[in-house]
Every structure is written in C-alpha cells, then in structure tokens.
Amino acid sequence: MTIQMKGKKAFHAVIFILLGILFFILFLYIGFPYDTLKRRITGELEAKTPFLYEIEEVRPYPLSGLTFKNVVIYVLVGSKKVKVLGVDRFRVTLSLPPLLWRKVYLRLWGEILGGTVEGEVTKRGDKGELMLVGRDVNLQQVNILRDAVGVEMAGILRGKTAFTLGEGGVYEQSGTAEFTISEAIVSRLPLPGVAPLRVGGVQGRLELKRGNVIIKSLAFSGGDLNGQVLGNIFLNPNFSQSRLNLRITIKPSAEFDPRYRVLLSLLGRQGQKEGFYAFSLKGTLLHPRLVTK
C-alpha cells in the first residue's frame, strides 16, 4: 500500500510538471508581450551602439530561446539613414543549468548576408565574454560603402571575434577580431574607369580598445594590387564621423593595368623600394582624405 501511494504521488508530480511546461509554452506563444520586448531590445542596442535597428518579428524558440526575424541595422550618414546590413534570422538560446551557479550562458546563431554566424555569451556578475564565428558571409550584400562613399566590394568573409563585456556601451569594451576574405574584388569606385579591381585574398587582425579600432595587420595579395594597411579608426557616436588614421602601402602586380600606374603615382609617393607606393588616409569615414606626404 505504501509503495502504491508513493507511486501515485510520483505520477501526480510528473503530470503537474508536464502541465506546467505546457502552460509555460502556451504563455510564450500566446500571452507574452513580444512587441514590448522588441522595443526594449531595440532601445538597449541603440543606447549602447552607434547604430539604429529595426526588428520585424520576435518569436519564441523552444524551450528557452528567442528567434529574431528580418533585423535591419542602419547608420546615420548626415541626416540620411543608410542600411549597414540585414539579418534574415537570429536565434538566442538560454542554457538553464548554469543559472544554478549564477552564470548566464547564451548560444547564438544567425543567417547574415548569405552566410552564418554562431557563438556564445557568458556572463557572471558585471563581467562577460562574447565569442562569434562567421562563415561564408557575402560582402556584396553590404550596402553602406556603396551608399556612403560610392564603393562596392565583393568577396566571401570568414572570421572570429572575442570581446570582453562590461558596463557601458561599445566604446567601453575591448576585444579582438581575425578574418580572411577570399575572391575579393572592388567592383565599383568613385574613380571612373578603374573598377573592377581584383584584390585577391585579404587577411586581417583587429583590436578594439575603448572606442579605438587598432588595425594590427591587414594584408592583401593575389590580385591587381599587393599591400597592407596599418593604423587606427577612432569610433564616434555619430558613426560616419569616426576618424581615420591609416597608413597604406601598395604595389601593383604584373596583372595591374599599366594605364593606371600614373594614377597611383598621383595618389602616393614612390617609396625606397621600386614599385611600392605609400600614402595616408585621414579625415572621417564619411569624408576620407588622402595625404601623400
């Protein structure tokens, strides 16, 4: 008899738990205020980054996650709102067991620019870490260069980033990023007749320190031009006004159209090694300025 009573209690407990899970799922799909959540998330992102956001839909992802559909990220260029990129789907999933140790662990996955991005966020107290890995991202779908400065670029990007997260916005954070771009080509330039310009393969390593993007290495080879870019980009809350301090060195390859070599000599001065041209890029993202001395 005692065993039967315990069996009934266990059975009732299981039924109670299953009903609780069922009602919780129904609440997520029917009663949860997703529009309010969407506005809250958009407000937090805009307060901590230099971008504007539009989210078409936020829906639950079983059992403890959210799916964001058709997220569009913009930046203000003067008074014009320019699209930076679009995210078809982005999913955030909360892992429940780490909560027992007062640790937040989120898994991230998204479809972005024809490729995929996945990663994780861990947070304990006021400190956290963000790690992302991107694959097969199509740079041709990035509109900001074309709309802001008349440059259009194609290529396939792969890379990874790691950030230390603390209080404050993006200007208070630090992190690193490494990436490669294959089959890179500049298909449109403000200079008529120069494009298309084959860049080939690109390898880069960046570091973020409190609003200062440090280009530790950025080299390109295998195209019409070989060279490297070093320097800094100082981020501004008005993103298009971020200041440039870049040093660029290029060398035309054998495939480079000889008609444009005179143009290169006008843009930069020939260095000590024959065939190399070096110049600086100053000004802002919206109004870059070439310095040849």
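Everything in this summary refers to the structure shown in the same document. Here the structure is a predicted model, which is why all the values come from computation and not from measurement.

**Some details on the side chain of Lys38**
Residue placement: Lys38 occurs in helix 2 (residues 34-48). According to the relative accessible area criterion, Lys38 is buried, its value standing at 18%. A distance of 3.4 Å separates a polar atom in the side chain of Lys38 from the backbone oxygen of Ile55. Those residues in contact with Lys38, other than ones at most four positions away along the chain, are Ile55, Glu56 and Val58.

**Notes on the nonpolar core**
Within soluble globular proteins, side chains that are nonpolar generally end up buried alongside one another. Ranked by size, the top nonpolar core spans 27 residues in total, and within it Val202, Phe220, Val229, Leu246 and Ile250 carry the most contacts. Among the secondary structure elements, those contributing two or more residues to this core are strand 8 (174-188), strand 9 (197-209), strand 10 (212-222), strand 11 (225-234), strand 12 (243-252) and strand 14 (277-283). Aside from chain neighbours lying at most four places away, what touches Ile250 is Phe220, Asn226, Gly227, Leu264, Gly275, Phe276, Tyr277 and Phe279. Within the second largest apolar cluster, 13 residues are counted, among which are Val92, Val117, Val121 and Leu130.

**What about the environment of Gly201?**
With respect to the helices and strands, Gly201 occurs in strand 9. Expressed as a C-alpha distance, the spacing of Gly201 and Glu183, which sit 18 residues apart in the sequence, is 6.1 Å. Setting aside anything within four residues of it in sequence, one finds Gly201 in contact with Ile181, Ala219, Phe220 and Ser221.

**Let's talk about the packing of aromatic side chains**
According to the stated counting rule, one finds zero aromatic pairs in the structure shown. Sitting over the face of the ring of Tyr74, Lys81 holds its NZ or CZ atom 4.5 Å from the ring centroid.

**Points about the environment of Asn238**
Tracing the chain through its elements places Asn238 in the loop between strand 11 and strand 12. Sequence separation between Asn238 and Val75 is 163 residues; the distance between their C-alpha atoms is 8.3 Å.

**So, the pairing of strand 12**
For a regular strand, the rule is simple: side chains alternate between the two faces of the sheet. The alternating pattern of strand 12 places Leu244, Leu246, Ile248, Ile250 and Pro252 on a buried face and Arg243, Asn245, Arg247, Thr249 and Lys251 on a face that is not buried. As paired strands, strand 11 and strand 12 are joined by ten bridges and run antiparallel to one another. Bridged to Asn226 within strand 12 is Lys251. Of the pairings in the sheet, the one linking strand 12 to strand 14 comprises five bridges and is antiparallel in character. Bridge pairing in strand 14 places Thr249 opposite Ala278.

**Regarding the pattern of salt bridges**
Here the structure, examined in full by the defined rule, presents ten salt bridges. Lys81 serves as the salt-bridge partner of Glu54, at 3.2 Å between the closest nitrogen and oxygen. Of the two residues, Glu54 sits in strand 1 (residues 52-61) while Lys81 sits in strand 3 (residues 80-94), which places them 27 residues apart along the sequence. Classification of Lys81 by relative accessible area gives partly exposed; the value is 43%. Between Glu207 and Lys209 there is a salt bridge, and its shortest N-O distance comes to 3.5 Å. Looking at Glu207, the relative accessible area reads 19%, which means it is buried. Three or more residues are tied together by salt bridges with common partners; here these are Glu207, Lys209 and Lys216.

**What about the side chain of Asp224?**
Tracing the backbone shows Asp224 in the loop between strand 10 and strand 11. Among residues more than four places away in sequence, those in contact with Asp224 are Pro196, Leu197, Arg198, Lys251, Pro252, Ser253, Glu255 and Phe256.

**Concerning the pairing of strand 15 (residues 288-291)**
Examined bridge by bridge, strand 14 and strand 15 share four bridges and lie antiparallel to one another. Opposite Ser280, over in strand 15, you have Val291 as the bridge partner. A loop of four residues connects strand 14 with strand 15, the two strands running antiparallel in sequence.

Rules used throughout
- Residues numbered from 1 in each chain as written.
- Predicted model: local features only at pLDDT ≥ 70, side-chain atom pairs only at ≥ 80, totals over all residues.
- Heavy atoms only, no water.
- Helix = DSSP H or I, 4+ residues; strand = E, 2+ residues; numbered from the N terminus.
- Buried < 20%, exposed > 50% of the residue type's maximum accessible area, 1.4 Å probe, protein only.
- Polar contact = N/O pair within 3.5 Å; in protein donor to acceptor, adjacent residues only side chain to side chain.
- Contact = heavy atoms within 4.5 Å.
- Core = buried A, V, L, I, M, F, W, Y, C linked by side-chain atoms within 4.5 Å.
- Phe/Tyr/Trp six-rings, centres within 6.5 Å; stacked < 30°, edge-to-face > 60°.
- Lys NZ or Arg CZ within 6 Å of the ring centre and 35° of its normal.
- Pairing = 2+ DSSP bridges.
- Salt bridge = Lys/Arg side-chain N within 4 Å of Asp/Glu carboxyl O.

Nothing here speaks to function; it is all geometry.
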